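Residues per chain are reported as follows:
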Amino acid sequence: MPELPEVETVRRQLAPQLEGRELRDVQILDPRWTRPGPPAAVEEGLRGARVERLGRRGKYLAWELSGDRHLIVHLRMTGALLYDPPDEPPHARVHFTLGDGHRLVYVDARRFGTGHLFHSAVERDDYLAERIGIEPMTPEFTVEHLQRAARGRRTPAKTFILDQRQIAGVGNIYADEALFRAGIHPLRPAGRLTRAQLARLRDTIEEVLMAGIEAKGATIDDFRHIDGAWGSFQDRFAVHRRKGEPCPVCGRPVRKLVVGGRGTYVCEHCQPRPRRSRAR
Ligand SMILES: [Zn+2]
């Protein structure tokens, strides 16, 4: 699933193509995209609007449109936005025709992606506030915030940082990589992390997200750039999807565990297991 660095990569590529352009026509071919709202109302609300700014919140692309309209797009598992694809791509779900004649096609094999239209910034912010918490790489992402959020929580550290309502944008890849760099076992209870560990985790979350953005995202399944190219961060994973390979720090084999239902990769030498969960 695209995470913060993948969505930010799409935003950076798409912003110069979209900002200042009119959405001359919009055709939503898959009614699931706008559920529970009807696609016709979303098409109607988008047609003729100008894209003022393409922003991002967590894993959401936030289109700011003229007339205080806001389109919030989530790519979920397999969504991608393709700019001027040479042919009609497979799994096309939404067609945008821009005022300058260029085309944008939203494709999505598994159809979990969403597009929701809001008629004011307040409505949009209410929607996002229910779903996502503090944004990394902003001044609000502090060790104090993490301390408050983690206090008393028995949930494993990995599950804690995957919770979008706590930290926006971190998914399975970047959680494994950040915990590895911080030397924290994914099963360690969040409420048992020391202030020093939380400070390290704050820093390593930002480090891996920035490294991911620099590598233009990671392509494991379907993540694609707007021209169909792949990201390259998957070539730089230290532990994620590297079961049995040597830890880049100590050389011992990387193990795969399941934490909160998610495949989780760990070096149990560099990330010592908490005592109580030794039995798993
Ligand atoms: Zn190691």
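In the block above lies the structure referred to throughout.
None of the values given here were measured: they were computed from a predicted structure. (Residues numbered from 1 in each chain as written. Predicted model: local features only at pLDDT ≥ 70, side-chain atom pairs only at ≥ 80, totals over all residues. Heavy atoms only, no water.)

Visitor: I would appreciate a short explanation of the coordination of the zinc ion in the present structure.
Guide: Geometrically, a metal with four donors at the corners of a regular tetrahedron has ideal angles of 109.5 degrees, and one with six donors at the corners of a regular octahedron has ideal angles of 90 or 180 degrees. Donor atoms from the polypeptide that coordinate the zinc ion comprise Cys247 (SG), Cys250 (SG), Cys267 (SG) and Cys270 (SG), at 2.3 to 2.4 Å from the metal. Classification of the site at the zinc ion as tetrahedral follows from its four donor atoms and the range of 99 to 114° in their angles at the metal. Of note, the zinc ion draws all its donor residues from one chain, in the sequence arrangement C-x2-C-x16-C-x2-C. (Donors = N, O, S within 2.8 Å, 3.2 Å for Na, K, Ca; no water. Tetrahedral: all angles 85-135°; square planar, octahedral: opposite > 155°, others 65-115°.)

Visitor: In this structure, what is going on with helix H6 (residues 172-182)? I would like to understand it.
Guide: For an α-helix, the turn length of 3.6 residues means that residues three or four places apart are oriented alike. With 10 of 11 residues buried, H6 is to be regarded as a mostly interior element. Turning to H6, the residues buried within the fold contact helix H1 (4-18), helix H5 (157-162), helix H7 (195-214) and strand S10 (262-266). (Buried < 20%, exposed > 50% of the residue type's maximum accessible area, 1.4 Å probe, protein only. Helix = DSSP H or I, 4+ residues; strand = E, 2+ residues; numbered from the N terminus. Contact = heavy atoms within 4.5 Å.)

Visitor: Explain the packing of H1 against H7 to me, please; I cannot follow it from the model alone.
Guide: Contact pair H1 / H7: the axes reach a minimum separation of 8 Å and the direction vectors enclose 40°. Taken together, the axes of H1 and H7 are oblique relative to one another. Relative to H7, H1 is oriented so that their crossing is right-handed. Contacts from Leu4, Pro5, Glu8, Thr9 and Arg12 of H1 reach H7 at Leu209, Gly212 and Ile213. Tallied by class, the residues present in the contact of H1 with H7 amount to four nonpolar, two polar and two charged. (Axes fitted to C-alpha atoms, helices over the stretch in contact; angles between N-to-C directions. Parallel < 35°, antiparallel > 145°, perpendicular 65-115°, else oblique. Left-handed = near helix turned anticlockwise from the far one by under 90°. Nonpolar A, V, L, I, M, F, W, Y, C, P; charged D, E, K, R; others polar.)

Visitor: Please explain the side chain of glutamate 177 as it appears in this structure.
Guide: Inspection of the secondary structure puts glutamate 177 in helix H6. The buried charged residue glutamate 177 lacks any salt bridge partner; its closest oppositely charged side chain belongs to arginine 181, at an N-O distance of 5.3 Å. A polar atom in the side chain of glutamate 177 sits 2.7 Å from the backbone nitrogen of alanine 238. At 2.9 Å, the side chain of glutamate 177 forms a polar contact with the backbone nitrogen of histidine 240. Beyond its immediate sequence surroundings of up to four residues, glutamate 177 is in contact with Val208, Arg236, Phe237, Ala238, Val239 and His240. (Lys, Arg positive; Asp, Glu negative; His and termini not counted. Salt bridge = Lys/Arg side-chain N within 4 Å of Asp/Glu carboxyl O. Polar contact = N/O pair within 3.5 Å; in protein donor to acceptor, adjacent residues only side chain to side chain.)

Visitor: What's the story with the packing of aromatic side chains in this structure? I'm lost.
Guide: Where two aromatic rings form a pair, the distance of their centres and the angle of their planes describe that pair. Applying the stated rule across the entire model yields seven aromatic pairs. Considering the side-chain rings of tyrosine 60 and tyrosine 127, the 6.2 Å spacing of their centres and the 80° angle between planes classify their relative orientation as edge-to-face. A residue pair is termed long-range when its members are at least 10 positions apart, and tyrosine 60 in strand S3 (residues 60-65) and tyrosine 127 in helix H3 (residues 121-131) qualify at 67 residues. Here tyrosine 127 falls in the buried class, since its relative accessible area comes to 13%. On the basis of an interplanar angle of 45° and a centroid distance of 4.9 Å, the ring pair of phenylalanine 118 and tyrosine 127 is categorised as tilted. A relative accessible area of 10% means that phenylalanine 118 is categorised as buried. (Phe/Tyr/Trp six-rings, centres within 6.5 Å; stacked < 30°, edge-to-face > 60°.)

Visitor: Quick question: what am I supposed to make of H1 here?
Guide: Helix length check: H1 (15 residues) gives 20 Å between terminal C-alpha atoms against 21 Å at 1.5 Å per residue, within 8%. Most pronounced at arginine 12, the bend in H1 amounts to some 25°, and the proline proline 16 follows within four residues. Counted residue by residue, H1 has 12 buried out of 15 residues, so it is predominantly covered. Here H1 has its buried residues at Leu4, Pro5, Glu6, Val7, Glu8, Thr9, Val10, Arg11, Gln13, Leu14, Ala15 and Leu18. (Expected span 1.5 Å × (residues − 1). Bend = angle between axes of the 7 residues up to and from the residue.)

Visitor: What exactly am I supposed to notice about the environment of proline 246 here?
Guide: Following the sequence through the fold, proline 246 ends up in the loop between H7 and strand S9 (255-259). A sequence separation of 21 residues divides proline 246 from cysteine 267, and the C-alpha atoms of the two residues are 8.8 Å apart. The residues touching proline 246, leaving out its near neighbours within four places in the chain, are Gly251, Arg252, Pro253 and Val254.

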